[in-house]
Amino acid sequence: MINKARSNFKTALKTGKALVILALALLVLAPACGTTEPEEGLSSVSIGFSPMQFGQGLGNVFSKFQDAYNPYPSVISEMVVTVTYRDPGLKTIRKKIPGKNVSGSMRIFLEVPSGPDRTFRIEAYDRVGKLMFSGETTVDLSSDRVVTPVDLTLAFSCQGTAWDAERDTLPRLAKKIGLDSLGLGFLAGQIDFDITEEYDLISLALVKTATGIRIIADFNDTLDSGNFSGAVLLDTDNNISTPANGNAVSQLFAGMPLGADFLVLIQPDENAVLIDLSTFTGILAELPDAGSAVSIDIRNQRATIDVPQNLTGNIPGVVGFFGIFGSDGIPTDLAPDWGVCLSE
């Protein structure tokens, strides 16, 4: 599905050069300095983690970056590691890590009393205290081992806001490891990344309001309304099989767990339109002329789009969404990296 989207999304962002699905970076925690022999009855534990969506996008791309790579410096406020066990009552060990200290290819070490059913949990919180991602696992610990490795698989909390790794833009990745490593060698000679605005998405949020749907995209960079472009897909009926009319957009994302019923197309010069994909039968190049104008406001590092209810009809449930953003029709970043997020 990703390769199909990457090679076929030619024109949905103005003229549309390509689509790339970027994967989340491998996140792990900073270690304590040095190691010591555990006291009797204690186990030394080395804890690391990775997102459950790893491999669905660019796989091990971020392993090619330096060890200290921190993909979420602007949004993670704190990461919390907890260990719970019974001895005989419920006991808890907790370690808090500032978001600025989160880095790649490193681990955190704890000493935990040996015994069965030790539950390890990791949670990361954003700047307003909302959970970004979490995961846990339960293991038996023996003090006979010098260090017991514990690895957790994480799930991203994606209810209303899709967080995006920083410094993961297509131009940056292409310059760092090359287009061929990204599977985008077909773009060689077509895009001059040196003159492309490298818009780096931090988060994409969708909320239902009293009058419709509001889309909010925040970036690391100040946006230029003269070249900012993008597309946001909306699944308003929670049905991945609709629309079923086989139009160009639904064919493009066939196999993706998002049955997009509407497409918000953002064009340079602060223009945006909403296209009803259930009635669209044209080719991708005809998308800009097939929609109804919607309000868009671009200020500093934020783009806000309001879609009125009269264009979508009443939406009683949650809305699935996925966005791609770039400059002059050239996509440079997207969210969520793992495919779909849901409104609150």
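Scroll up to find the structure.
The rules behind the values
Residues numbered from 1 in each chain as written. Predicted model: local features only at pLDDT ≥ 70, side-chain atom pairs only at ≥ 80, totals over all residues. Heavy atoms only, no water. Core = buried A, V, L, I, M, F, W, Y, C linked by side-chain atoms within 4.5 Å. Buried < 20%, exposed > 50% of the residue type's maximum accessible area, 1.4 Å probe, protein only. Helix = DSSP H or I, 4+ residues; strand = E, 2+ residues; numbered from the N terminus. Contact = heavy atoms within 4.5 Å. 1 Å grid on protein atoms, 1.4 Å probe; cavity = no way out; pocket = protein on both sides within 12 Å on 5 of 7 lines; lining within 4 Å. Points joined across faces, edges and corners; volume = space filled by probe spheres on them. Nonpolar A, V, L, I, M, F, W, Y, C, P; charged D, E, K, R; others polar. Patch = residues over 30% accessible without salt bridge, like charges linked within 9 Å, V, L, I, M, F, W, Y side chains within 5 Å. Areas by Shrake-Rupley, 256 points an atom, 1.4 Å probe, with all protein chains shown as cover. Salt bridge = Lys/Arg side-chain N within 4 Å of Asp/Glu carboxyl O. Lys, Arg positive; Asp, Glu negative; His and termini not counted. Charge placed at Lys NZ, Arg CZ, Asp CG, Glu CD. Pairing = 2+ DSSP bridges. Axes fitted to C-alpha atoms, helices over the stretch in contact; angles between N-to-C directions. Phe/Tyr/Trp six-rings, centres within 6.5 Å; stacked < 30°, edge-to-face > 60°.

1. Examining the nonpolar core
Move 1: The biggest cluster of nonpolar side chains holds 31 residues, and the ones touching the most others in it are Ile-215, Phe-228, Leu-234 and Phe-325.
Move 2: Only β9 (201-209), β10 (212-219), β11 (228-235), β12 (262-267), β13 (271-276), β15 (295-299), β16 (302-308) and β17 (320-327) provide two or more residues apiece to this core.
Move 3: A total of four residues in this core trace back to one element, the largest contributor, which is β10.
Move 4: Filtering out sequence-adjacent residues up to four positions away, Leu-234 remains in contact with Leu-206, Ile-215, Gly-259, Ala-260, Asp-261, Phe-262, Val-264, Val-319, Gly-320 and Phe-321.
Move 5: In this structure, Phe-120, Met-132, Val-150 and Ile-202 belong to the second largest nonpolar core, which totals 25 residues.

2. Focus: the layout of surface pockets
Move 1: Within this model, the largest pocket holds a volume of roughly 290 Å³.
Move 2: Lining the largest pocket are 17 residues, with Asp-126, Lys-130, Thr-161, Trp-163 and Ala-205 sitting closest to its centre.
Move 3: Listing elements by their share of the lining of the largest pocket, those giving two or more residues are β8 (161-163), β9 and β10.
Move 4: The dominant element in the lining of the largest pocket, judged by the number of residues it contributes, is β9, at three residues.
Move 5: In the lining of the largest pocket, the residues fall into seven nonpolar, five polar and five charged.

3. Looking at a negative patch on the surface
Move 1: On the surface, a cluster of negative charge is made up of Glu-197, Asp-224, Asp-269 and Asp-328.
Move 2: Locating Asp-328 in the fold gives a position in the loop between β17 and β18 (330-335).

4. Here we look at the sheet that holds β10
Move 1: Judged by pairing direction, the sheet is antiparallel, and its five strands sit side by side in the order β8-β9-β10-β16-β15 without closing on themselves. Only two strands of the sheet have a single partner each, and these edge strands are β8 and β15. Geometrically, the sheet is characterised by an average inter-axis angle of 10° between neighbouring strands, direction not taken into account.
Move 2: Pairing of β9 with β10, which is carried by eight bridges, proceeds in the antiparallel orientation. Its bridge partner lying in β10, Leu-206 is registered against Ile-215.

5. Some remarks on the packing of aromatic side chains
Move 1: Tallied over the entire structure, the rule returns five aromatic pairs.
Move 2: The interplanar angle of 85° and the centroid separation of 5.5 Å between the aromatic rings of Phe-219 and Phe-228 together place this pair among those described as edge-to-face. For the residue pair Phe-219 and Phe-228, the accessibility class agrees, reading buried in each case.
Move 3: Ring centres 6.0 Å apart and planes at 10° place the aromatic pair Phe-228 and Phe-325 in the stacked group. Taken as a pair, Phe-228 in strand β11 and Phe-325 in strand β17 lie far apart in primary sequence, 97 residues in all. Across this residue pair, the class does not change: Phe-228 and Phe-325 are buried.
Move 4: Cluster of aromatic residues (ring-pair linked, three or more members): Tyr-199, Phe-219, Phe-228 and Phe-325.

6. With respect to the pattern of salt bridges
Move 1: Applying the stated criterion across every chain yields a total of six salt bridges.
Move 2: A salt bridge links Asp-306 to Arg-214; the nearest nitrogen and oxygen atoms lie 2.7 Å apart. You can see Asp-306 sitting in strand β16 and its partner Arg-214 sitting in strand β10, a full 92 residues away along the chain.
Move 3: On the basis of relative accessible area, Asp-306 is assigned to the partly exposed category, the value being 24%.
Move 4: The salt bridge involving Arg-299 is made with Asp-297; its shortest N-O contact spans 3.0 Å.
Move 5: Judged by its relative accessible area of 29%, Asp-297 is partly exposed.

7. Quick word on the side chain of Asn-227
Move 1: With respect to the element layout, Asn-227 can be found in the loop between β10 and β11.
Move 2: The class for Asn-227 is buried, based on a relative accessible area of 9%.

8. Quick word on the pairing of β17
Move 1: Most of β17 sits out of view: eight of its eight residues are buried.
Move 2: Residues Gly-320, Phe-322, Ile-324 and Gly-326 line one face of β17 and the alternating positions Phe-321, Gly-323, Phe-325 and Ser-327 line the opposite face, and both faces are buried.
Move 3: Pairing between β11 and β17: eight bridges, direction antiparallel. Across the sheet, the residue bridging to Ser-229 is Gly-326, located in β17.
Move 4: The sheet contact formed by β17 and strand β19 (residues 341-342) spans two bridges and is antiparallel. For Phe-321, the partnering residue across the bridge sits in β19 and is Cys-341.
Move 5: The turn joining β17 and β18, which pair antiparallel and follow one another in sequence, is formed by two residues; a positive phi near 50° is taken by Asp-328.

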